Amino acid sequence: MNFRKHLPLFLKQIIYESKSYRRNPAAAFFTLVFPLLFLFMLRIFGNDSVEIDGGIVSRATKYIPMITAFSVIGSSYTGIAMTLTVNRDIGVLKRYKGTPLPLILFLLGKIAHNTIVSFALAVIIAIIAFVVFDVGLPTNSIVAFLLTMILGAATFTSLGIAFTSVIPNSDAAAPMVNASVIPLMFISDVFIPMDSAPNWLNGIAQVFPVRPFSLSLQETYSPFSSGLTSNPENFAILFAWLVVGVIASLKFFSWEPRT
Amino acid sequence: MDYTIECNDPICVLISEIKLIAIKTNKLTKKYGNSLAVNGVSLTVNVGEVFALLGPNGAGKTTTVEILEGHRTKTSGEVKVLGMDPSNGSTEFRSRVGIVLQETGIEQYLTAYEILEQFTNFYKTPRKISDLLEMTGLTEEKDKRVKKLSGGQKRRLDVAIGLCGNPDLLFLDEPTTGFDPSARRTFWDMIKKLKTDGTTVVLTTHYMEEAEYLADTVALMNHGELITQGSLSDLRISHNKTFITFKTDEPQLQLPKDIKEIAVMSEGAVSISTENPTAVLSELTGWAISQGIELSNLEVSRQNLEDIYLGILK
């Protein structure tokens, strides 16, 4: 695979992905609705103080990274699994299969585009948090924020692609995708802070990528942390899942309806 | 165009085989579980011809074509398409083949122009987008989003996408299903034009008049097997029946004995199918004159492809 030769095609694929995405404003808007709804709830419940590792912060500072994690997983993992399954069922993917476009470029185009969208989402949430809730931007660990976002979005997109290989058809996509990730979110510090959860439960959650991602994001928002991370293990787990996602995608990806 | 070369030298034969044969299969078989979707199909498609694969629903046409396209793997037998094994899915193979599938799935939110722009990016020597639009009559629709195109326009965009890479070989799987007659005629003219440009076309269709209008060679499949393959004129010679029909008000018409054996009477119409139309016609008209009977609506017609098709499938 010659990367220099394929780079222009890769960039063009991202452009078409992004055009197609932006032309479907409903889809783009609703990716933002859920995080906005969460922020609204946060507003209603009041922004009192909570304790995190290292000190006391406002409730918003604790919850904004969790909301970000939820949105990023929604737009990368859930989003890609559903669109790909629909596109597979209606024959869009089979058409690509008949052309010289290499599978890896097609998939990388999707992963890159989704990472960009997720990143934009995270930035929008950060700005709203800053303006409305006075949550500091994750500037004292900006590199950590970038790294977490890129690694997280790429990991969840690749896992979403890999997961399509077990989804039989587009009718089954939504329930299967949600069932595969929402229970995990409940035990992974996304909806509920898990500080007081039993160790064995956190231990289980730590095997999967959701908790390491949420914790890494929380760290980047914490005013008491600086530098890259105090928990490199979280990055390592995410990266391992990225490798699993990419390999499984390349191996099991199907261009055609499965039944 | 005639590609036949008189040649006995083995090397010459070899070269002509390589150059002139676009597709060759030998005892091609595809099994799904215990059922044979394709059963020992051996066919040859020459370079530059329009090859029509006919047959009723479930005959194995699409499975056969999808094996040739590289979308399905064969169970056994040999397949060579443009000298390559299509199941490898090599870049060279995909670059030289254009595929128009039965179902149309296109990204809904891009315009026709953008879709073609995207797909031409995949090829080293693509066709010009303006040519693609013109060939398929989509120039005026080029800035419309796919979502807004009519069914026929989407189908033409399908074909335009199939032509993006300027393919040597184009597969069309039931391309005109759902077209109105005038759209179909326009489409046919486009395929004829492609043929004069040297593109080999493999077509599956339900419409006999489509095959009759376009195809140099037709192959007929049923129950996964290839029933017959040949040029239309060959088929006509091997299924050389002529129809003689006329009307009569006489319910108890006493036809001459040997004509009666081959005649079918229903609802006041008599239909005779024969391989010796001259003799039969002479006997029939001689008999009618001697009996003073007028053979109203007398018609002599050659079998068309549909008659041959239905006759073979019977």
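That block above? That's the structure.
Given the structure is predicted, the values throughout are model-derived calculations rather than measurements. (Residues numbered from 1 in each chain as written. Chains lettered and ligands numbered in written order. Predicted model: local features only at pLDDT ≥ 70, side-chain atom pairs only at ≥ 80, totals over all residues. Heavy atoms only, no water.)

1. Description of the overall build of chain A
So, step 1. Each helix and strand in chain A was counted, giving 10 helices and 2 strands.
So, step 2. For chain A, the α and β elements follow one another from N to C terminus as α-α-β-β-α-α-α-α-α-α-α-α.
So, step 3. C-alpha atoms of chain A, sized along the principal axes, occupy 60 × 35 × 35 Å.
So, step 4. Taken across its 259 residues, chain A has 53% of its residues classed as buried.
So, step 5. Contacts in chain A between residues far apart in sequence, at least 24 positions, make up 79% of those at least 6 positions apart. (Helix = DSSP H or I, 4+ residues; strand = E, 2+ residues; numbered from the N terminus. Buried < 20%, exposed > 50% of the residue type's maximum accessible area, 1.4 Å probe, protein only. Contact = heavy atoms within 4.5 Å.)

2. Focus: unusual backbone geometry
So, step 1. Located in the positive-phi region is Asp134 of chain A, a residue other than glycine, with phi close to 60 degrees.
So, step 2. Examined against the element boundaries, Asp134 of chain A turns out to sit in the loop between α5 (103-133) and α6 (142-163).
So, step 3. The backbone of Glu174 of chain B sits at a positive phi, close to 45 degrees, despite the residue not being glycine.

3. Comments concerning the packing of aromatic side chains
So, step 1. For the structure shown, the criterion picks out 17 aromatic pairs over all chains.
So, step 2. Ring centres of Tyr77 of chain A and Phe163 of chain A lie 6.0 Å apart, and the angle between their planes is 40 degrees; this geometry places the pair in the tilted category. Of this pair, Tyr77 of chain A sits in helix α3 (residues 59-89) while Phe163 of chain A is found in helix α6, placing the two residues 86 residues apart along the sequence. Like Tyr77 of chain A, the residue Phe163 of chain A is buried in the burial classification.
So, step 3. Between Phe145 of chain A and Tyr221 of chain A, the aromatic rings sit 6.2 Å apart at their centres with planes inclined by 85 degrees, giving edge-to-face as the arrangement. Here Phe145 of chain A is found in helix α6, whereas its partner Tyr221 of chain A is found in helix α9 (residues 210-221), with 76 residues between them in sequence. Per residue, the accessibility class of Phe145 of chain A equals that of Tyr221 of chain A, and both read buried.
So, step 4. By way of ring pairs, the aromatic residues Tyr96, Phe106, Phe253 and Trp255 of chain A together with Phe119 and Phe122 of chain B are connected into one cluster.
So, step 5. Lying across the ring of Tyr113 of chain B, Lys142 of chain B places its NZ or CZ 5.5 Å from the centre. (Phe/Tyr/Trp six-rings, centres within 6.5 Å; stacked < 30°, edge-to-face > 60°. Lys NZ or Arg CZ within 6 Å of the ring centre and 35° of its normal.)

4. Focus on a nonpolar patch on the surface
Residue and element names in this part refer to chain A.
So, step 1. Taken together, the side chains of Val123, Ile127, Phe130, Val131, Val132 and Leu137 present a nonpolar region at the surface, about 490 Å² in accessible area.
So, step 2. Here Val123 is to be found in helix α5.
So, step 3. Judged by relative accessible area, which is 31%, Val123 ranks as partly exposed. (Patch = residues over 30% accessible without salt bridge, like charges linked within 9 Å, V, L, I, M, F, W, Y side chains within 5 Å. Areas by Shrake-Rupley, 256 points an atom, 1.4 Å probe, with all protein chains shown as cover. Salt bridge = Lys/Arg side-chain N within 4 Å of Asp/Glu carboxyl O.)

5. Observations concerning empty space enclosed by the protein
So, step 1. Tallying each qualifying case throughout the model produces 5 cavities of 30 Å³ or more.
So, step 2. The calculated volume of the largest cavity comes to roughly 90 Å³.
So, step 3. Lining the largest cavity are 13 residues, and of these Arg95, Gly98 and Thr99 of chain A together with Ile99 and Gly162 of chain B lie nearest its centre.
So, step 4. Elements that contribute at least two residues to the lining of the largest cavity include exactly α4 (92-97) of chain A together with β6 (97-100) and α6 (151-162) of chain B.
So, step 5. Here the element with the most residues in the lining of the largest cavity is β6 of chain B; it accounts for 3 residues.
So, step 6. Its volume calculated, the second largest cavity comes out at about 60 Å³.
So, step 7. Lining of the second largest cavity is provided by Leu54, Val218, Ala219, Leu220, Thr228, Leu235, Leu305, Ile308, Tyr309 and Ile312 of chain B.
So, step 8. Listing elements by their share of the lining of the second largest cavity, those giving two or more residues are β9 (217-222) and α12 (305-313) of chain B. (1 Å grid on protein atoms, 1.4 Å probe; cavity = no way out; pocket = protein on both sides within 12 Å on 5 of 7 lines; lining within 4 Å. Points joined across faces, edges and corners; volume = space filled by probe spheres on them.)

6. A closer look at the interface of chain B and chain A
So, step 1. In this complex, chain B contributes 28 residues to the contact, which on the side of chain A involves 21 residues.
So, step 2. When chain B packs against chain A, close to 2500 Å² is buried across both sides, 51% of that on carbon and sulfur atoms.
So, step 3. Of all residues in chain B, Glu107, Tyr109 and Phe122 of chain B give up the largest surface area on contact with chain A, accounting jointly for 25% of the area buried on that side.
So, step 4. Where chain B meets chain A, there are 5 salt bridges.
So, step 5. Glu256 of chain A serves as the salt-bridge partner of Arg72 of chain B, at 3.0 Å between the closest nitrogen and oxygen.
So, step 6. Elements represented by at least two residues in the side of chain B that touches chain A include exactly α3 (91-96), β6, α4 (112-120) and α6 of chain B.
So, step 7. For the side of chain B that touches chain A, the element with the most residues is α4 of chain B, which contributes 4 residues.
So, step 8. Broken down by class, the residue content of the side of chain B that touches chain A amounts to 10 nonpolar, 9 polar and 9 charged. (Buried area = accessible area lost by both parts, 1.4 Å probe. Nonpolar A, V, L, I, M, F, W, Y, C, P; charged D, E, K, R; others polar.)

7. Points about the layout of surface pockets
All names here are of chain A.
So, step 1. If you add up the space inside the largest pocket, you get close to 960 Å³.
So, step 2. Of all the secondary structure elements, the ones that give two or more residues to the lining of the largest pocket are α1 (3-22), α2 (25-45), α3, α5 and α7 (170-186).
So, step 3. Considering every element that reaches the lining of the largest pocket, the biggest residue donor is α3, with 12 residues.
So, step 4. Split into classes, the residues belonging to the lining of the largest pocket amount to 17 nonpolar, 14 polar and 3 charged.

8. Section: the sheet that holds strand β8 (residues 200-205) of chain B
What holds strands together in a sheet is hydrogen bonding between their backbones, with the strands either parallel or antiparallel.
Residue and element names in this part refer to chain B.
So, step 1. In spatial order, the strands read β6-β7-β8-β4-β9-β10; together these 6 strands make up an open sheet with mixed pairing. One side of each edge strand has no neighbouring strand; the edge strands of this open sheet are β6 and β10 (225-231). Within this sheet the neighbouring strands show an average axis-to-axis angle of 15 degrees, counted without direction.
So, step 2. Summarising the sheet, strand β7 (residues 169-173) and β8 pair through 5 bridges and their orientation is parallel. (Pairing = 2+ DSSP bridges. Axes fitted to C-alpha atoms, helices over the stretch in contact; angles between N-to-C directions.)

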